[in-house]
Amino acid sequence: MAKRALITGLTGQDGSYLAELLLENGYEVWGLQRRSSSETTERIDGFIDRVKIVGGDLLDFGSLLDAVEEASPDEVYNLAAQSFVHDSWKEPVYTGDVDALGVTRLLESLRRVKPAARFYQASSSEMFGKVHETPQTETTPFHPRSPYGVAKVYGYYITMNYRESYNMHASNGILFNHESPRRGIEFVTRKITDGVARIATGRATELALGNLDAKRDWGFAGDFVRAMWLMMQQETPDDYVVATGETHTVREFCEIAFARAGLDYEKYVVQDPRFMRPAEVELLLGDASKARRVLGWEPKVDLRGLVEMMVDTDVARYASMD
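A quick note: this is a predicted structure, and the numbers were derived from the prediction, not measured.

### Section: the overall build of the protein chain
- Each helix and strand in the protein chain was counted, giving 10 helices and 13 strands.
- Relative to a compact globule of 322 residues, whose C-alpha radius of gyration would be 20 Å, the protein chain shows 19 Å and is just as compact.
- Seen through its C-alpha atoms, the protein chain measures out along the principal axes to roughly 60 × 45 × 40 Å.
- Counting contacts in the protein chain only where the partners sit at least 6 residues apart, residues at least 24 apart contribute 78% of the total.
- Across the protein chain, 37 positive and 49 negative side-chain charges occur, with their mean positions spaced 1 Å apart.

### Examining the packing of aromatic side chains
- On inspection of all chains with the given rule, the structure shows 12 aromatic pairs.
- Where Phe84 meets Phe187, the ring centres are 5.2 Å apart and the plane angle is 55 degrees; that geometry is what we call tilted. Here the residue Phe84 occupies a position in the loop between strand 4 (75-78) and helix 3 (85-90), and Phe187 occupies one in the loop between strand 7 (178-179) and helix 6 (188-200), the gap between them amounting to 103 residues.
- The class of Phe187 is buried, set by a relative accessible area of 18%.
- Their ring planes at 55 degrees and their centres at 5.1 Å tell us that Tyr162 and Tyr166 sit as a pair that is tilted.

### A look at the sheet that holds strand 11 (residues 239-242)
- Ordered by their spatial adjacency, 7 strands build an open sheet running 3-2-1-4-5-6-11, and the pairing between neighbours is parallel. Of all strands in the sheet, those bounded by a partner on one side alone are strand 3 (51-55) and strand 11. Pairs of neighbouring strands in the sheet enclose a mean axial angle of 20 degrees, with direction left out of account.
- Sheet topology note: the strand 1 (residues 4-8)/strand 4 ladder contains 4 bridges and is parallel. By the bridge assignment for strand 4, Thr8 is matched with Asn78.
- Relative to strand 1, helix 1 (residues 13-24) is tilted by about 170 degrees, and along the sheet it contacts strand 1, strand 2 (28-33), strand 3, strand 4 and strand 6 (170-175).

### What about the nonpolar core?
- Ile7, Leu18, Leu22, Tyr77, Tyr120, Ile192 and Trp297 are the most contacted members of the largest nonpolar core, which totals 56 residues.
- No other element matches helix 7 (residues 221-232), which puts 9 residues into this core.
- Membership of the second largest hydrophobic core comes to 21 residues, among which are Leu32, Leu64, Ala71 and Val76.

Calculation rules
Residues numbered from 1 in each chain as written. Predicted model: local features only at pLDDT ≥ 70, side-chain atom pairs only at ≥ 80, totals over all residues. Heavy atoms only, no water. Helix = DSSP H or I, 4+ residues; strand = E, 2+ residues; numbered from the N terminus. Rg over C-alpha atoms; globule rule 2.2 N^0.38 Å. Contact = heavy atoms within 4.5 Å. Lys, Arg positive; Asp, Glu negative; His and termini not counted. Charge placed at Lys NZ, Arg CZ, Asp CG, Glu CD. Phe/Tyr/Trp six-rings, centres within 6.5 Å; stacked < 30°, edge-to-face > 60°. Buried < 20%, exposed > 50% of the residue type's maximum accessible area, 1.4 Å probe, protein only. Pairing = 2+ DSSP bridges. Axes fitted to C-alpha atoms, helices over the stretch in contact; angles between N-to-C directions. Core = buried A, V, L, I, M, F, W, Y, C linked by side-chain atoms within 4.5 Å.

Right under this line is the structure:
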């Protein structure tokens, strides 16, 4: 009998790549969808007929109880969140309700309805914030620098608490930045590649960005969802950093992206104070040696391959409109 998986955030970047991976592995895939959701299904249109949709909302405990009962999953991947760090300053209470208490509601619904189900929580490198050591590992202290990061710390610890208190198979993936052509336009990496495509096709003449010197550990989302799945296949639940182990600046990302289109980024990129964070996270660099050792996980796509993949996709999209 096929395994059943329930994914929150199915229509997002990670949810779409994870659903594809699970379908390839013979799973019956269910997706949680808010009844009021206006999110596009563009990322999953290629296989939407193979996925079952169940109504539910991380803000509504009753709906989660019903969703878990209907889907009766063997594995649950909680990828839904208010995921924009910048917006978390504008909506700190909402961010906490979804990204922190939403995790509790989902775990509690599992505990009551399907306690044997395995649970994955999408934790974030933003929890490290003002980093205490570099690179960051599973034992590095958290010092979040945004309401988003604070909420994710709560989600991390409540997952750990349900694991230890109720013997649930609940694991955290502390994922560093991971991108793809499916990344939302609100994120800086996709903003860059979309901007390159717009400039290359004559639709724009400049690209406004914030801090070009911020350093991040960027990987490919398709690689990272494989790590999520591997965590759920382990006999013992645990927490893992998932990262490439390489750090690059936003400026470097721009250089590669513009060069792919035959352009010099210095001629087009302007810094705009509106895109600066109130409290900046200067350097994130993950040590995924535990994931490599225990899970046998390795990233397959490097930064250049990732950036060029994203630029090529965006350029082709605009070219097709001409």
